[in-house]
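Chain by chain, the residues:
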Amino acid sequence: MFRIVTEAIVVESLYRVVRRNDGGVVSFVGAVREDADDGRRVTALWYEAHESMAVREFETIANEARQKFGDVSIAIVHRIGELRVGEVSVAVLAAASHRGAAFEACRYAIDELKRRAPIWKKERYADGAAEWRPDGES
C-alpha cells in the first residue's frame with residue numbers, strides 16, 4: 001500500500017496489509033512535534049505533495065528495499081494538509097520473515113522517502129510566523 005492521504009493515518013490497518021505470515025513487522029510513525037529544530041514552538045504543519053509522483057517514488061523505494069533486503073512487504077502512507085501537534089504525518093511498515101530484514105527495509109524506506117519524495121511542509125509557529133521547511137529534515 002502506497003498512498004498520500006488527507007485523513008488520519010491508522011497504523012493498525014497498515015499492519016494488517018503488510019503482515020502476511022511474517023515473523024517480523026517493523027514500523028516507523030512520524031508525528032508532528034511541538035518544537036522546531038531551532039527551538040520555536042510549533043502549533044501545526046501544512047504538508048503538500050505532488051501526489052502521483054510521490055506515490056510512484058514510494059513504490060520505487062519499496063522495490064529497491066526488496067532488492068536490497070529480500071522478500072519484504074512494505075506500506076508507505078503520508079498525510080497532507082494541516083496537521084496539529086501529535087498527529088501522525090507518515091507511517092512506514094515493513095514485514096519480513098526475520099526482524100533484521102524488516103528493520104533494514106523500514107529504515108531504508110523512511111530515509112529515502114525523506115530524501116526523495118516530492119513532499120513539502122510549512123511549519124506554523126506559536127508567534128504567528130510560518131516557514132516552508134524541507135521535509136527531509138529529522
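Quick notes on the rules
- Residues numbered from 1 in each chain as written.
- Predicted model: local features only at pLDDT ≥ 70, side-chain atom pairs only at ≥ 80, totals over all residues.
- Heavy atoms only, no water.
- Pairing = 2+ DSSP bridges.
- Helix = DSSP H or I, 4+ residues; strand = E, 2+ residues; numbered from the N terminus.
- Axes fitted to C-alpha atoms, helices over the stretch in contact; angles between N-to-C directions.
- Buried < 20%, exposed > 50% of the residue type's maximum accessible area, 1.4 Å probe, protein only.
- Salt bridge = Lys/Arg side-chain N within 4 Å of Asp/Glu carboxyl O.
- Contact = heavy atoms within 4.5 Å.
- Left-handed = near helix turned anticlockwise from the far one by under 90°.
- Nonpolar A, V, L, I, M, F, W, Y, C, P; charged D, E, K, R; others polar.

Engineer: I would appreciate a short explanation of the sheet that holds strand β1 (residues 2–5) in the present structure.
Structural biologist: Strand pairs in the sheet, formed through backbone hydrogen bonds, run parallel or antiparallel to each other. One open sheet holds the four strands; their spatial order is β1-β4-β6-β2, and the pairing between them is mixed. One side of each edge strand has no neighbouring strand; the edge strands of this open sheet are β1 and β2 (24–31). Ignoring which end each strand starts from, the neighbouring axes of this sheet average 10 degrees apart. Pairing analysis gives six bridges linking strand β4 (residues 73–79) to strand β6 (residues 88–96), with the strands arranged antiparallel. Bridge pairing links Ile 74 to Ala 94 in β6.

Engineer: Even after reading the chapter, I still don't get the pairing of strand β7 (residues 119–125), so can you show me in this structure?
Structural biologist: One face of the sheet, then the other: side chains in a regular strand alternate in exactly this way. Because side chains alternate across β7, one face comprises the buried residues Ile 119, Lys 121, Glu 123 and Tyr 125, and the other comprises Trp 120, Lys 122 and Arg 124, none of which is buried. By the bridge criterion, seven bridges tie strand β3 (residues 42–49) to β7 in an arrangement that is antiparallel. Along β7, the bridge assignment pairs Ala 49 with Ile 119. In this structure, the hairpin formed by β7 and strand β8 (residues 130–134) is closed by a connection of four residues, where Gly 128 is found at a positive phi of approximately 95 degrees.

Engineer: Sorry if this is basic, but what is going on with the pattern of salt bridges here?
Structural biologist: Opposite charge on two side chains lets them pair, provided their charged atoms get close. Applying the stated rule across the entire model yields 14 salt bridges. Its salt-bridge partner being Glu 7, residue Arg 3 comes within 3.2 Å of it at the nearest N-O pair. Residue classification places Glu 7 among the partly exposed residues on the basis of a relative accessible area of 40%. A salt bridge links Arg 84 to Glu 82, with the nearest nitrogen and oxygen atoms 3.7 Å apart. Using a relative accessible area of 31% as the deciding quantity, one classes Glu 82 as partly exposed. One network of salt bridges, in which partners are shared, links Glu 57, Glu 64, Glu 112, Arg 115 and Arg 116.

Engineer: Explain the environment of Thr 6 here, please?
Structural biologist: By secondary structure assignment, the location of Thr 6 is in the loop between β1 and α1 (11–18). Using a relative accessible area of 55% as the deciding quantity, one classes Thr 6 as exposed. Sequence separation between Thr 6 and Glu 82 is 76 residues; the distance between their C-alpha atoms is 8.7 Å. Beyond its immediate sequence surroundings of up to four residues, Thr 6 is in contact with Arg 79 and Ile 80.

Engineer: Before we go on, may I ask you to explain the packing of helix α2 (residues 51–69) against helix α3 (residues 99–116) in this structure?
Structural biologist: Relative placement of two packed helices is described by the angle separating their axes and the distance separating the axes. Taken N-terminus to C-terminus, the directions of α2 and α3 make an angle of 145 degrees; their axes are 9 Å apart at the nearest point. Remark: the crossing between α2 and α3 carries right-handed chirality. Together, Glu 57, Phe 58, Thr 60, Ile 61, Glu 64, Ala 65, Lys 68 and Phe 69 of α2 and Ala 101, Glu 104, Ala 105, Tyr 108, Ala 109, Glu 112, Leu 113 and Arg 116 of α3 make up the contact between the two elements. Of the residues that constitute the contact of α2 with α3, the class distribution is nine nonpolar, one polar and six charged.

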